[in-house]
Amino acid sequence: MTPARQHSKKRRLSHGQRPQSIKGAPHPRRTRWPLGRRGWFLRIAIALIVPVLFLAVMELLLWGVGFGVPASFFVQAHQPNTLTSNQMFIWFYRPERSTGPHPSLITVPKPENTLRAFVLGGSAAMGTPKPGYGFTRILELMLQDQFPDHEVEVINAAMRGINSHILVPIARQCVQLQPDLMIVYSGNNEHTGRYGADTLWGKYPGLIPLLHAAKRPRVSQLIRRTLEGVVGRRTEQEPQSMASFRANRMRFDDPERSRVYRNFRENLTAICEMGLEGEAHMLLLTLPVNLRDCPPLGSLHRVGLQGDERKEWETLYAAGIAEEQQQDSAEALPLYEQAAFIDDHFAELQFRLARTYLAQGRSEQAKEHFSLARDWDALQFRADSRLNDTIKTVVNQMDNTKVHYIDVAHQWAQSEMCVEGIPGYEVFNDHVHFNFRGDYEMAKAILPTAVAALEQRRGVSSSKPAVIPAMAECARRLAYTDWDHIELLKGIARMNGSPPFTDQLNHGPRQKQAEQTISQLIRSLDRETLENVDNTYRQAIAGRPDDWNLRFNYANFLYAYKRYPETMKQIQGVVKTYPDIASFRILLGYSQITQGYRDQAMAQFRHALTLGTHDEEVRKILEHYQ
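From a predicted model like this one, the values you see are computed outputs, not experimental measurements.

Conventions and cut-offs
- Along every chain, residues carry numbers that run from 1 in the direction the sequence is written.
- Under the rules for a predicted model, residues below a pLDDT of 70 receive no local features and side-chain atom pairs below 80 are neither given nor counted, while totals for whole chains, interfaces and linings still include all residues.
- Side-chain descriptors were evaluated using all non-hydrogen atoms of the structure, hydrogens and water having been removed beforehand.
- Secondary structure follows DSSP: runs of H or I at least 4 residues long count as helices, runs of E at least 2 residues long count as strands, and numbering of each begins at the N terminus.
- Only protein chains enter the area calculation, which uses a 1.4 Å probe; residues under 20% of their type maximum are buried, those over 50% are exposed, and those in between are partly exposed.
- Any two residues whose heavy atoms approach within 4.5 Å at even a single point are treated as in contact.
- Every accessible area reported is derived by Shrake-Rupley at a probe size of 1.4 Å, with residue values counting cover from the shown protein chains alone.
- Under the convention used here, Asp and Glu are negative, Lys and Arg are positive, and both His and the chain ends fall outside the count.
- Charged side chains are reduced to one point each, which is NZ for Lys, CZ for Arg, CG for Asp and CD for Glu.
- Any two strands with at least two DSSP bridges between them are considered paired.
- Angles run from 0 to 180 degrees between N-to-C directions of axes, and those axes are lines fitted to C-alpha atoms, restricted for helices to the stretch in contact.
- Between the first and last residue of a helix there are one fewer steps than residues, each counted as 1.5 Å, and that sum is the expected span.
- Under the rule applied, a polar contact is a pair of N or O atoms within 3.5 Å (in protein, one hydrogen donor and one hydrogen acceptor; residues adjacent in sequence only if both atoms are side-chain atoms).
- The definition of a nonpolar core used throughout is a set of buried Ala, Val, Leu, Ile, Met, Phe, Trp, Tyr and Cys residues joined through side-chain atoms within 4.5 Å.
- Our angle categories are set so that under 35 degrees counts as roughly parallel, over 145 as roughly antiparallel, 65 to 115 as roughly perpendicular, and the remainder as oblique.
- Helix crossings are classified by the rotation of the near helix relative to the far one: an anticlockwise turn of less than a right angle makes the crossing left-handed, while a clockwise turn makes it right-handed.
- Throughout, the arc means the angular range of directions from the helix axis out to the C-beta atoms.
- In this analysis, rings of Phe, Tyr and Trp, with Trp reduced to its six-membered ring, are considered paired at centre separations within 6.5 Å, and the interplanar angle assigns stacked below 30 degrees, edge-to-face beyond 60, and tilted for intermediate values.
- For this analysis, a salt bridge means a side-chain nitrogen from Lys or Arg found within 4 Å of a carboxyl oxygen belonging to Asp or Glu.
- Throughout, a disulfide means two cysteine sulfur atoms within 2.5 Å of one another.

1. Side note on the overall build of the chain
And then number 1: The secondary structure content of the chain amounts to 26 helices and eight strands.
And then number 2: Considering only C-alpha atoms, the chain reaches an extent of 125 × 70 × 55 Å along its principal axes.
And then number 3: The buried share among the 626 residues of the chain stands at 51%.
And then number 4: Contacts in the chain between residues far apart in sequence, at least 24 positions, make up 72% of those at least 6 positions apart.
And then number 5: Split by element, the accessible area of the chain, about 30,800 Å² in all, is 53% carbon and sulfur.
And then number 6: Here the chain holds 75 positive side-chain charges and 68 negative ones, and the gap between their average locations is 18 Å.

And the structure:
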């Protein structure tokens with residue numbers, strides 16, 4: 001080929017002409033992406049669609065093999081046409097798994113002759129540490145006596161450690177179950193936890209539903225469980241350090257706390273609107289708290305207190321403490337008052353002032369300063385005055401005859417039940433959790449409004465004049481015995497023996513006194529007392545044979561006194577009713593292994609491990625017996 005011809009061929013190739021094969025046939029055409037905007041749209045669409053399709057296929061596969069748990073508060077029970085509480089519900093909101101709702105069974109649809117109420121709230125509403133004796137249970141007894149021709153259900157939909165952000169999705173599902181009443185007792189947990197004022201979720205609460213929606217798919221659950229297996233997870237048994245609590249203290253006048261009241265108001269309003277849409281009557285309660293016998297959990301000085309002012313305050317405060325320790329309230333009081341003139345924001349000072357006023361018989365001043373000590377508590381585990389005011393505001397703004405307001409805090413402040421109208425250990429076990437008398441008084445406070453609401457809602461009449469059962473009668477019917485009283489005090493002592501309570505004023509002496517009281521009560525459990533406990537349980541079960549709470553508590557009593565065959569008999573029925581509650585299967589396994597039924601016991605423990613709520617505990621049990 002001549003140079004001229006070669007140059008002509010190069011020019012043709014440079015203008016996009018394809019070279020011919022040796023035989024003159026054209027090369028196969030290569031597929032190209034579309035150019036320009038259309039090509040980019042196609043690339044973006046594929047980049048989005050492929051991952052979505054992959055996740056959808058993974059979701060179907062995981063669903064098909066039975067992996068994952070539903071995120072709803074109520075789930076399908078093993079019995080037909082029945083729902084039960086989801087023990088894994090909290091996992092979608094907090095890392096813990098070993099805490100869960102109080103087990104319940106709900107018939108769907110609601111039987112015609114049934115009066116159904118739900119109680120929403122945190123641990124105080126749930127009845128911590130022994131929900132079987134909480135005000136929910138006592139109220140159910142009282143209402144059943146008022147409406148003997150109907151089946152009354154007061155369903156415990158409260159949970160330990162939750163606040164109004166988590167109550168919203170719970171309430172949404174309760175509304176779908178044809179409630180006649182929805183009782184809301186919430187506010188003690190609004191300031192603390194991952195939804196507090198200074199958290200991302202507290203600042204932008206609209207993100208909370210999106211976060212929880214992202215956790216529900218089974219693919220998300222698989223990722224989370226995988227990460228937990230790799231890096232481990234924080235269990236509820238691991239104590240939170242006092243340092244972490246101290247780092248999260250906040251003043252009562254901190255502008256950021258306004259978010260808490262705003263969020264609480266919006267959540268309560270949403271719950272009420274949902275309830276009204278479901279034609280339920282709403283009962284909103286204010287929250288009494290332990291004012292007299294619960295020192296603040298945290299104290300902070302006012303902003304700007306420093307230099308000579310702070311030194312003077314500390315000198316006066318220390319001098320007041322010295323006089324108070326000598327039981328000289330007359331000398332301590334002016335020292336505390338002078339310190340308060342310099343800085344009255346320090347919650348512990350307000351508490352000491354209140355005690356000093358009370359010692360001098362000045363109950364009105366004492367009540368005022370006990371309330372201020374509660375409000376200025378920088379680690380707020382009790383509902384403060386603004387939260388209680390918010391509840392009243394919501395009721396007034398709803399302006400609906402089906403939204404009822406029960407000011408329990410005010411009722412107790414005016415009653416002779418509390419010393420000088422200042423609630424303390426006569427109704428509380430600790431800062432907010434009631435003793436049996438407190439739960440009984442709560443149920444009594446709710447009863448008149450609940451009866452009137454049910455009569456209006458269902459057009460039924462109560463048994464008039466219906467006698468309200470006495471506290472001793474309620475204790476007998478629920479088998480609240482001397483032994484159970486001790487077990488309840490043990491649970492409270494365990495809670496109060498860990499942060500943040502270890503920072504409270506006089507924590508050591510109070511904890512020691514509590515332990516001594518428990519020891520004395522245990523020594524008082526003679527044979528006659530234990531026989532009375534046993535008889536009380538038998539009579540209560542005879543009166544309420546389908547009450548699993550009675551049988552479970554009785555099984556624990558029997559196991560404690562090594563009556564293992566009887567324990568098995570009681571707990572087997574409970575496990576049959578609630579086969580997916582790990583703690584029930586654990587007790588059954590323990591009772592079986594004491595009787596030599598090792599294989600059956602190990603099967604119970606292994607089944608409990610599959611339920612995902614008591615993993616660490618069950619693994620330790622299996623390691624011990626294998």
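2. Some thoughts on the sheet that holds strand β8 (residues 403-406)
And then number 1: Ordered by their spatial adjacency, five strands build an open sheet running β5-β4-β6-β7-β8, and the pairing between neighbours is parallel. In this open sheet, the two strands that pair with only one neighbour each are β5 (151-156) and β8. Sheet twist, expressed as the average angle between the axes of neighbouring strands with direction ignored, equals 20 degrees.
And then number 2: Bridge count for strand β7 (residues 281-285) against β8 is four bridges, and the pairing is parallel. The partner of Leu284 across the bridge, within β8, is Tyr405.
And then number 3: Sheet strands in contact with helix α5 (residues 164-175) are β4 (114-121) and β6 (181-185), and its direction is about 175 degrees off that of β4.
And then number 4: Along the sheet, helix α10 (residues 258-277) contacts β4, β6, β7 and β8; its crossing angle with β7, the most-contacted strand, is approximately 155 degrees.

3. Some points on helix α17 (residues 436-458)
And then number 1: The end-to-end C-alpha separation of α17 is 31 Å, in line with the 33 Å expected for 23 residues at 1.5 Å each.
And then number 2: The N-capping residue of α17, defined by a side-chain oxygen 3.2 Å from the backbone nitrogen of Arg437, is Asn435.
And then number 3: Backbone geometry just downstream of α17 places Gly459 in the positive-phi region, at approximately 65 degrees.

4. Here we look at the sheet that holds strand β2 (residues 82-85)
And then number 1: Reading across the sheet, the three strands line up as β1-β2-β3 and stay open at both edges, with antiparallel pairing between neighbours. With one partner strand each, in any of the chains shown, β1 (74-76) and β3 (105-107) form the two edges of the open sheet. Here the strands of the sheet are splayed against their neighbours by 35 degrees on average, with no regard to which way each runs.
And then number 2: Bridge count for β1 against β2 is three bridges, and the pairing is antiparallel. In the sheet register, Val75 faces β2, and the bridge partner there is Thr84.

5. Here's the deal with the nonpolar core
And then number 1: Counting residues in each nonpolar core, the largest one holds 119 residues, and the members touching the most others are Leu120, Leu143, Ile170 and Ile446.
And then number 2: Counting residues per element, this core draws most heavily on α17, at eleven residues.
And then number 3: Aside from chain neighbours lying at most four places away, what touches Ile446 is Phe135, Leu139, Ile183, Leu283, Leu285 and Ile406.
And then number 4: In this structure, Leu316, Leu335, Phe346 and Leu505 belong to the second largest nonpolar core, which totals 26 residues.

6. Section: the packing of helix α4 (residues 135-146) against α17
And then number 1: Here α4 crosses α17 at 45 degrees, and the two axes come no closer than 8 Å. Considered as vectors, α4 and α17 are oriented oblique to each other. Crossing geometry of α4 relative to α17 is assigned as right-handed. Side by side, α4 and α17 meet where Phe135, Ile138, Leu139, Met142, Leu143 and Gln146 of the first sit next to Phe436, Asp439, Tyr440, Met442, Ala443, Lys444, Ile446, Leu447, Ala450, Val451 and Leu454 of the second.

7. Observations regarding the packing of helix α11 (residues 307-325) against helix α12 (residues 329-342)
And then number 1: For the pair α11 and α12, interaxial distance at closest approach is 8 Å and the crossing angle is 160 degrees. Compared by their axis directions, α11 and α12 come out roughly antiparallel. In this structure, α11 crosses over α12, and the sense of that crossing is left-handed. Counted together, Glu309, Glu312, Trp313, Leu316, Tyr317, Ala319, Gly320, Ile321, Glu323 and Glu324 of α11 and Glu331, Ala332, Leu335, Tyr336, Gln338, Ala339 and Ile342 of α12 form the full contact between these two elements.

8. Here we look at α11
And then number 1: Counted at 1.5 Å a residue, the expected span for α11 with its 19 residues is 27 Å, and the 27 Å between its end C-alpha atoms agrees.
And then number 2: Along α11, the positions that sit buried rather than exposed are Trp313, Leu316, Tyr317, Gly320, Ile321 and Glu324. Viewed end-on, α11 has its buried residues packed into an arc of 140 degrees, placing them on one side of the element. For α11, the exposed residues set more than 90 degrees away from the buried face come down to Asp308, Lys311, Thr315 and Gln325.
And then number 3: Those residues of α11 that are buried are in contact with α12 and α13 (347-359).
And then number 4: Note on α11: the residue one or two positions beyond its end, Gln327, has a positive phi of about 60 degrees.

9. Some remarks on the packing of aromatic side chains
And then number 1: Per the counting criterion, the structure on display carries 33 aromatic pairs.
And then number 2: Between Tyr554 and Phe557, the ring centres sit 6.3 Å apart and the planes meet at 15 degrees, which makes this aromatic pair stacked. Taken as a pair, Tyr554 and Phe557 lie in helix α22 (residues 548-560) at a separation of three residues, close to a single helical turn. For the pair formed by Tyr554 and Phe557, the shared burial category is buried.

10. Let's talk about the environment of Gln380
And then number 1: With respect to the element layout, Gln380 can be found in the loop between α14 (363-375) and α15 (385-398).
And then number 2: As a C-alpha pair, Gln380 and Gly589 span 209 residues in sequence and 40 Å in three-dimensional space.
And then number 3: Within polar-contact distance, the side chain of Gln380 engages the backbone oxygen of Arg374 at 3.0 Å.

11. Here's the deal with the pairing of β7
Moving residue by residue along a regular strand, the side chains alternate between the two faces of the sheet.
And then number 1: Among the five residues in β7, five count as buried, and that is most of the element.
And then number 2: Going residue by residue along β7, you find His281, Leu283 and Leu285 tucked away on one face and Met282 and Leu284 tucked away on the opposite face as well.
And then number 3: Relative to β7, β6 is paired through four bridges, and the arrangement is parallel. Within β7, the position partnered with Ile183 by the bridge is Leu283.

12. Quick look at the pattern of salt bridges
And then number 1: Tallied over the entire structure, the rule returns 26 salt bridges.
And then number 2: A salt bridge links Arg544 to Asp547; the shortest N-O distance between them is 3.0 Å.
And then number 3: Of the residues examined, Arg544 reaches a relative accessible area of 24% and is grouped as partly exposed.
And then number 4: A single network of salt bridges, built from pairs that share partners, joins Lys110, Asp180, Arg457 and Arg458.

13. Regarding the state of the cysteines
And then number 1: Within the structure shown, the criterion is met by zero disulfides.
And then number 2: Of the cysteine sulfurs around Cys272, a residue in no disulfide, the closest is that of Cys174, at 13 Å.
And then number 3: Its relative accessible area of 1% is what places Cys272 among the buried residues.
And then number 4: Here Cys418 is not cross-linked by a disulfide; its sulfur's nearest cysteine counterpart is in Cys294, at 14 Å.
And then number 5: With relative accessibility at 2%, the residue Cys418 sits in the buried group.

On their own, these measurements won't tell you what the molecule is for.
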